[in-house]
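# Architecture at a glance
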Amino acid sequence: MTDDRMRSARLSLVPLAVTDAEEMVGVLSADALYAFTGGGPPTADELRARYARQSSGQSPDGGEEWRNWILRREPGGEAIGYVQATIADEGTRAEIAWVIGVNWQGQGYAAEAAQALVSWLDSRSVTAIQARIHPDHSASAAVARRAGLAPTGRIEDGEQLWLRAP
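Residues numbered from 1 in each chain as written. Predicted model: local features only at pLDDT ≥ 70, side-chain atom pairs only at ≥ 80, totals over all residues. Heavy atoms only, no water.

## Observations concerning the pattern of salt bridges
- Per the counting criterion, the structure on display carries 14 salt bridges.
- Between Asp-122 and Arg-164 there is a salt bridge, with its nearest N and O atoms 2.6 Å apart. Placement of Asp-122 in helix H3 (residues 109-123) and of Arg-164 in strand E8 (residues 159-164) is noted, with a sequence separation of 42 residues between them.
- Take Asp-122: its relative accessible area is 36%, and that puts it in the partly exposed class.
- Arg-132 serves as the salt-bridge partner of Glu-156, at 2.6 Å between the closest nitrogen and oxygen. Residue Glu-156 is found in strand E7 (residues 150-156), and its partner Arg-132 is found in strand E6 (residues 128-133); the two are separated by 24 residues along the sequence.
- Residue classification places Glu-156 among the partly exposed residues on the basis of a relative accessible area of 26%.
- Connected through salt bridges with shared partners, the residues Asp-4, Glu-65, Arg-67 and Arg-124 form a single ionic network. (Salt bridge = Lys/Arg side-chain N within 4 Å of Asp/Glu carboxyl O. Helix = DSSP H or I, 4+ residues; strand = E, 2+ residues; numbered from the N terminus. Buried < 20%, exposed > 50% of the residue type's maximum accessible area, 1.4 Å probe, protein only.)

Below, the structure written as structure tokens:
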């Protein structure tokens, strides 16, 4: 796998590594992060196991490509969240997601990171980009809009599908 580091105005997007787990426990520790998605803050062991799976770069059946980046604020390199893309359909479709720790929310980092991710996907000729967002999560809806996605009106498992299609 190539080194797919990215930069935006204030962030370095660094491919996920298992060694990021300890630092990310703090970033992901606030219960408020899970208000719309359910679940709760992961432990270091849970993150290490998750990151080991995710950093493999693909689903167990090989049908999906998994790309995950830790968002690091520049200068300094402090971890503040992550973005991810699940690429399917022979590289033509991607589902994206983003999480910013509560200490860094409301400063435009999620939109900046999502826009960088969409640009990266565009450079790989991904034509359909989608996200699933809880209908009441106005902050994530704003991020999706800034990344060029639009709501479809389709709700699955309590989340609205957002799409940027060709």
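So, next bit.
## Some points on helix H2 (residues 44-54)
- Every buried residue belonging to H2 is among Leu-47, Tyr-51 and Gln-54, and all of these are buried. Viewed along the axis of H2, the buried residues span an arc of 60°, placing them on a single side of the element.
- The secondary structure elements touched by the buried residues of H2 are helix H1 (21-27), strand E3 (65-73) and strand E4 (78-88). (Arc of directions from axis to C-beta. Contact = heavy atoms within 4.5 Å.)

## Concerning the packing of aromatic side chains
- Evaluated as defined, the whole model comprises 1 aromatic pair.
- Pairing Trp-69 with Trp-120 gives two aromatic rings, centres 5.0 Å apart and planes at 75°, and the pair type is edge-to-face. In this pair, Trp-69 sits in strand E3 while Trp-120 sits in helix H3, placing the two residues 51 residues apart along the sequence.
- By relative accessible area, which is 1% here, Trp-69 ends up buried.
- Against the face of Tyr-109 rests Arg-10, its NZ or CZ located 4.1 Å from the ring centre. (Phe/Tyr/Trp six-rings, centres within 6.5 Å; stacked < 30°, edge-to-face > 60°. Lys NZ or Arg CZ within 6 Å of the ring centre and 35° of its normal.)

## Observations concerning the pairing of E4
- Buried residues dominate E4, accounting for 8 of its 11 residues.
- Looking at chain direction, E3 and E4 are connected through 9 bridges and run antiparallel. Note on E4: the bridge partner recorded for Arg-73 is Glu-78.
- Counting the residues between successive antiparallel strands, the hairpin from E3 to E4 contains 4 residues, one of them, Gly-76, with a positive phi of roughly 110°.
- Relative to strand E5 (residues 93-100), E4 runs antiparallel, the two sharing 8 bridges. (Pairing = 2+ DSSP bridges.)

## Some remarks on unusual backbone geometry
- With an omega of 0°, the peptide bond between Glu-74 and Pro-75 qualifies as cis.
- Counting through the fold element by element, Pro-75 comes out in the loop between E3 and E4.
- One non-glycine residue with positive phi stands out, namely Asp-89, at about 50°.
- Note on placement: Asp-89 falls in the loop between E4 and E5.
- The class of Asp-89 is partly exposed, set by a relative accessible area of 43%.
- The phi dihedral of Asp-157 falls on the positive side, at around 50°, and the residue is not glycine.
- Tracing the backbone shows Asp-157 in the loop between E7 and E8.

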